[in-house]
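# Tertiary structure, described
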Amino acid sequence: MIRTTVTAAIAGLATGVFGLVIACFAAIAIAFSTRSGVHVPGIIRAEFVTVDGMPQLAFLPDWGGMAVALLVWTALAALLGALAGRRNRIRREPADG
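Summary of the structure given here. Note that the structure is predicted; figures quoted are calculated from it, not measured.

## What to know about the overall build of the chain
- Tallying secondary structure elements over the chain gives two helices and three strands in all.
- Ordered by position from the N terminus, the helices and strands of the chain form the series α-β-β-β-α.
- Within the chain, buried positions represent 23% of all 97 residues.
- Long-range contacts, defined here as pairs at least 24 residues apart, represent 40% of the contacts in the chain between residues at least 6 apart.
- Of the roughly 7100 Å² of accessible surface on the chain, 69% is carried by carbon and sulfur atoms.

## What to know about the nonpolar core
- Core analysis: the largest hydrophobic core is formed by eleven residues, namely Leu20, Cys24, Ala27, Ile28, Ala31, Val38, Ile43, Ile44, Ala46, Met66 and Leu70.
- Elements represented by at least two residues in this core include exactly α1 (2–34), β2 (44–51) and α2 (63–92).
- Considering each element in turn, this core owes the most residues, five residues, to α1.
- Filtering out sequence-adjacent residues up to four positions away, Ala46 remains in contact with Ala27, Ile28, Ala31, Ser36, Gly37, Val38, Ala58 and Phe59.

## A look at the environment of Gly12
- The topology assignment puts Gly12 in helix α1.
- What makes Gly12 buried here is its relative accessible area of 3%.
- Residues Gly12 and Leu70, 58 residues apart in the sequence, show an inter-C-alpha distance of 8.5 Å.
- Non-local contacts of Gly12, meaning those with residues more than four positions away in its chain, are made with Trp73, Thr74 and Ala77.

## Side note on the pairing of strand β1 (residues 37–40)
- In this sheet, β2 lies alongside β1 in antiparallel orientation, the contact comprising four bridges. Bridge pairing in β2 places Val38 opposite Ala46.
- Taking the residues between adjacent antiparallel strands as the criterion, β1 and β2 are bridged by three residues, where Gly42 takes a positive phi near 75°.

## What about α1?
- An ideal rise of 1.5 Å per residue puts 48 Å on 33 residues; α1 measures up with 47 Å between its terminal C-alpha atoms.
- Within two residues after α1, Arg35 carries a phi angle of roughly 55°, on the positive side.

## With respect to the side chain of Thr74
- Relative to the helices and strands, Thr74 resides in helix α2.
- Classification of Thr74 by relative accessible area gives buried; the value is 16%.
- With residues near it in sequence (within four places) discarded, Thr74 still touches Ala9, Gly12 and Leu13.

What counts, and at which threshold
Residues numbered from 1 in each chain as written. Predicted model: local features only at pLDDT ≥ 70, side-chain atom pairs only at ≥ 80, totals over all residues. Heavy atoms only, no water. Helix = DSSP H or I, 4+ residues; strand = E, 2+ residues; numbered from the N terminus. Buried < 20%, exposed > 50% of the residue type's maximum accessible area, 1.4 Å probe, protein only. Contact = heavy atoms within 4.5 Å. Areas by Shrake-Rupley, 256 points an atom, 1.4 Å probe, with all protein chains shown as cover. Core = buried A, V, L, I, M, F, W, Y, C linked by side-chain atoms within 4.5 Å. Pairing = 2+ DSSP bridges. Expected span 1.5 Å × (residues − 1).

These values are about where atoms sit, not about what they do.
Next up, the structure:
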């Protein structure tokens, strides 16, 4: 059961990091392609601005929000892993009869 929980937590951490990277790249790409601002609450703010006639892409990541999102995602994955491990253990026990 512990091995299943740890494996699920590691998988949750990996998928959470991957999801955050994809969300950040998508926000930056959308801001660049639409020439406007994009805000993913608690994750990143990206905007396309013009300074002295030159186009610039500015983005401001929210590291605290990313850490909280990653922590919640990893905790949920670990919880689901623990529940799956418990369900597996209950299925393997022989029925009294």
